[in-house]
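A structural walkthrough
What follows is the residue order along each chain.
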Amino acid sequence: MAHALSMIVNGREVNAHVEARTLLVDFLRDHLGLTGTHVGCDTSQCGACVVQINGLSVKACTVLAMQADGADVTTIEGLAEGETLHPMQQAFQDHHGLQCGFCTPGMVMSALDIVRRHPDPSEAQIRDGLKGNFCRCTGYGSIVEAVQAGAKAMR
Amino acid sequence: MYDFAYHRPCSLKDALALLAESPEARPLAGGQTLLPVMKQRLAAPSALVDLSGVPELRGIDLSPQAVTIGALTTHAEIAESAEVTQAIPALSAMAAKIGDQQVRHRGTLGGSIANNDPAADYPAALLGLDAVVVTDRREIAAADFFIDILETALQPGELVVAVRFPIPRTAAYARMDQPASRFALVGVFVGVMQDGGVRVAVTGAGPCVFRQGEMETSLTHSFRPEALAGLDIAAEGLNSDLHGSPEYRAHLIGVLARRAVVACL
Ligand SMILES: Cc1cc2nc3c(=O)[nH]c(=O)nc-3n(C[C@H](O)[C@H](O)[C@H](O)COP(=O)(O)OP(=O)(O)OC[C@H]3O[C@@H](n4cnc5c(N)ncnc54)[C@H](O)[C@@H]3O)c2cc1C
Ligand code: FES
Ligand code: FES
């Protein structure tokens, strides 16, 4: 059965009809074309799909679109201002916080959650805050540096 | 996952009525266990009753004797709660270690105990603190609530409303992470109740959370880590998987119980 759904995505109101089983990540990617949010696993473990709901980071593959009815959702596409990258995105570029880039949208969204909780995060706080994000390329060292630099640029 | 009917009631009464209506309906709290299980088609409920709009399931209430936490309270909210941290710091510290930040933003106390995963953390706190599960129709002591692997005393259609934790003299939880699943490989909760009674609850080691009676006796006699030396923890009946043998888990119970006692002192 189709359910009426309405939410704010990256500041813009969207209205749609979805099946109850539609996951938020599929709604974002397939219905709205926001393919920056990735799907890296089937088990809620990799964090490639992290977005914010009402300012809190969540795994969009483990939330029904209907659970976000009425919510304010931010995806990786909502961060840059035109051609100017968000300071956290810029920090990932400057500090080689990515190689293939598949994990990067989720990493950046989780990084913003770390900064929300710890404006000046320690390495331990960063590593703990990235526990739900897998990277198969970098070995994490450069990601940690990027988050530290991004947090500094945001202060 | 298979499709289902979706409801988001705005009161406990409506939620219970929707659950009573169809025996195949399931409550949905944070969805951090139920949705992955449905994605794998290991569960296919006919309807989901989303509890997020039910105000009766929310809130943290602190009294001199106990802290009562609504079933819908997320792990992150418990981790950050000033009331919980003041009353039972071991409980907020436990919540802060569950899974990862994204799971903690959605997963709830009620969903975790209703699910009763053999490696879930909260069951150890409930059993180790002699907590009471408050449902829509009765109160159930933790000792009677957790029955077996993924099995609780909840009847079909019965909802956890809150959990009431007595405030202990002191308590601590020590867990060995299983980094791939982010659950505990083994976790041990030690609580010293106001009457001086010591409780030791173990999760992750067996099919269901359990109390370690020999350790409780030794620690009641002398609440020191040395009191646990020489206790032989039986490996019989403990879980065996690629992450650890029953013998390894038995060994961890001893190590983690000592760490928890040290943290209490
Ligand atoms: C990557 C990952 C890591 C995790 N790591 C840990 C960990 O380290 N430790 C740990 O303990 N857990 C861990 N979990 C599980 C997590 O804590 C879940 O949030 C929790 O087990 C279920 O809570 P929920 O609110 O998400 O429940 P849901 O998934 O919504 O529901 C779970 C079950 O409980 C039922 N239910 C929900 N609420 C109620 C209620 N009020 N009354 C009656 N029945 C109800 C549902 O019908 C369902 O059967 C992890 C999960 C993931 C995905
Ligand atoms: S896609 Fe892997 S956690 Fe969501
Ligand atoms: S950059 Fe390739 S997975 Fe992280």
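Thresholds applied
- Residues numbered from 1 in each chain as written.
- Chains lettered and ligands numbered in written order.
- Predicted model: local features only at pLDDT ≥ 70, side-chain atom pairs only at ≥ 80, totals over all residues.
- Heavy atoms only, no water.
- Near = heavy atom within 4 Å.
- Polar contact = N/O pair within 3.5 Å; in protein donor to acceptor, adjacent residues only side chain to side chain.
- Areas by Shrake-Rupley, 256 points an atom, 1.4 Å probe, with all protein chains shown as cover.
- Helix = DSSP H or I, 4+ residues; strand = E, 2+ residues; numbered from the N terminus.
- Nonpolar A, V, L, I, M, F, W, Y, C, P; charged D, E, K, R; others polar.
- Domains from an automatic or database assignment.
- Contact = heavy atoms within 4.5 Å.
- Salt bridge = Lys/Arg side-chain N within 4 Å of Asp/Glu carboxyl O.
- Buried < 20%, exposed > 50% of the residue type's maximum accessible area, 1.4 Å probe, protein only.
- Pairing = 2+ DSSP bridges.
- Axes fitted to C-alpha atoms, helices over the stretch in contact; angles between N-to-C directions.
- Buried area = accessible area lost by both parts, 1.4 Å probe.
- Core = buried A, V, L, I, M, F, W, Y, C linked by side-chain atoms within 4.5 Å.
- Phe/Tyr/Trp six-rings, centres within 6.5 Å; stacked < 30°, edge-to-face > 60°.
- Lys NZ or Arg CZ within 6 Å of the ring centre and 35° of its normal.

Quick look at the site of ligand 1
Residue and element names in this part refer to chain B. Near ligand 1 lie 33 residues; those nearest to it are Pro27, Gly31, Leu34, Thr108 and Arg182. Between ligand 1 and threonine 33, the relevant distance is 2.9 Å, taken from an oxygen atom to a side-chain nitrogen or oxygen of the residue. Measuring from a nitrogen atom of ligand 1, one finds a backbone N or O atom of valine 160 at 2.8 Å. Contact with the protein chains hides 96% of the accessible area of ligand 1, taken as 970 Å² for the molecule alone. Going through the elements one at a time, strand S2 (25-28) and helix H7 (109-115) are the ones with two or more residues in the shell around ligand 1. In terms of residue class, the shell around ligand 1 is built from 14 nonpolar, 13 polar and six charged.

Considerations on the domain arrangement of chain B
Many descriptions give the size of an interface as the accessible area lost when the pieces come together. Parsing chain B into structural domains produces domain 1 (5-53), domain 2 (55-166) and domain 3 (170-264). Between the C-alpha centres of domain 1 of chain B and domain 3 of chain B the distance comes to 34 Å.

A closer look at the side chain of threonine 74 of chain B
Along the chain, the position of threonine 74 of chain B falls in the loop between strand S5 (66-70) and helix H3 (75-80). Setting aside residues no more than four positions away along its own chain, threonine 74 of chain B makes contact with Arg104, His105, Arg106, Gly107 and Thr108 of chain B.

Points about the pattern of salt bridges
Close approach of charged atoms allows side chains with opposite charge to pair. For the structure on display, the rule yields 19 salt bridges over all chains. Here arginine 117 of chain A makes a salt bridge to aspartate 113 of chain A, at a shortest N to O gap of 2.9 Å. Pair noted here: arginine 117 of chain A and aspartate 113 of chain A are both in helix H3 (residues 104-117), with a separation of four residues, about one helical turn. With a relative accessible area of 23%, arginine 117 of chain A lands in the partly exposed category. Note on aspartate 113 of chain A: relative accessible area 1%, which makes it buried. In this structure, aspartate 120 of chain A engages arginine 155 of chain A in a salt bridge whose closest nitrogen and oxygen atoms are separated by 3.3 Å. Note that aspartate 120 of chain A is positioned in the loop between H3 and helix H4 (123-129) and arginine 155 of chain A in the segment after helix H5 (141-154), a separation of 35 residues in sequence. No difference in accessibility class separates aspartate 120 of chain A from arginine 155 of chain A, as the two residues are exposed. Salt bridges sharing common partners tie together Asp128 and Lys131 of chain A together with Asp121, Arg175 and Asp177 of chain B.

Topic: the sheet that holds strand S3 (residues 47-50) of chain B
Residues and elements named next belong to chain B. The three strands are arranged S1-S3-S2 in an open sheet whose pairing can be described as parallel. Only two strands of the sheet have a single partner each, and these edge strands are strand S1 (5-7) and S2. Each adjacent strand pair in this sheet contributes to an overall mean axis angle of 20°, direction not counted. The pairing of S2 with S3 spans four bridges and is parallel. Residue alanine 25 lies in a different strand from S3, and its bridge partner there is alanine 47. Contacting S1, S2 and S3, helix H1 (residues 12-21) runs over the sheet at an angle of about 150° to S2.

Observations regarding the domain arrangement of chain A
Residues and elements named next belong to chain A. For chain A, the domain assignment lists domain 1 (2-78) and domain 2 (87-154). Distance from the C-alpha centre of domain 1 to the C-alpha centre of domain 2: 21 Å. For the domain 1 and domain 2 pair, buried surface summed over both sides reaches about 1200 Å², with 60% attributable to carbon and sulfur atoms. Three residues stand out in domain 1 for area buried against domain 2, namely His38, Val50 and Ile76, and they jointly supply 37% of the buried area on that side. Summed over the shared surface of domain 1 and domain 2, the number is five residue pairs in polar contact (both at pLDDT 80 or more). Looking at the side of domain 1 that touches domain 2, the elements with two or more residues in it are strand S3 (50-53) and strand S4 (56-59). Residues that form the side of domain 1 that touches domain 2 fall into these classes: seven nonpolar, ten polar and one charged.

Some details on the nonpolar core
In this structure, Leu91, Ile113, Tyr122, Leu126, Phe165 and Phe189 of chain B are the most contacted members of the largest nonpolar core, which totals 38 residues. With five residues, the top contributor of residues to this core is helix H8 (residues 122-128) of chain B. Residues lining this core come from more than one domain, with at least three contributed by each of domain 2 (55-166) and domain 3 (170-264) of chain B. Excluding residues that lie within four positions of it along the chain, tyrosine 122 of chain B makes contacts with His75, Ile78, Leu91, Met94, Ala95, Ile98, Leu109, Ser112 and Ile113 of chain B. In this structure, Val9, Val18, Phe27 and Met66 of chain A belong to the second largest nonpolar core, which totals 34 residues.

What about the pairing of strand S2 (residues 12-19) of chain A?
One ladder, built from eight bridges, connects strand S1 (residues 2-9) of chain A with S2 of chain A; its direction is antiparallel. What sits directly across from alanine 4 of chain A, in S2 of chain A, is histidine 17 of chain A.

Examining the interface of chain A and chain B
Taken residue by residue, the interface counts 33 residues in chain A and 30 residues in chain B. In total, chain A and chain B occlude about 2500 Å² of area from one another, counting both sides; carbon and sulfur atoms represent 49% of this. Seen at the junction of chain A and chain B, the total is three salt bridges. Across the pair lysine 59 of chain A and aspartate 100 of chain B runs a salt bridge whose closest N-O atoms are separated by 2.7 Å.

Some points on the packing of aromatic side chains
All names here are of chain B. Under the defined criterion, the tally for this structure stands at two aromatic pairs over all chains. Centre to centre, the rings of phenylalanine 145 and phenylalanine 146 are 5.0 Å apart; their planes meet at 85°, and the pair counts as edge-to-face. Residue phenylalanine 145 shares its accessibility class with phenylalanine 146, and that shared class is buried. One residue, arginine 41, lies across the ring of tyrosine 2, its end atom 4.1 Å from the ring centre.

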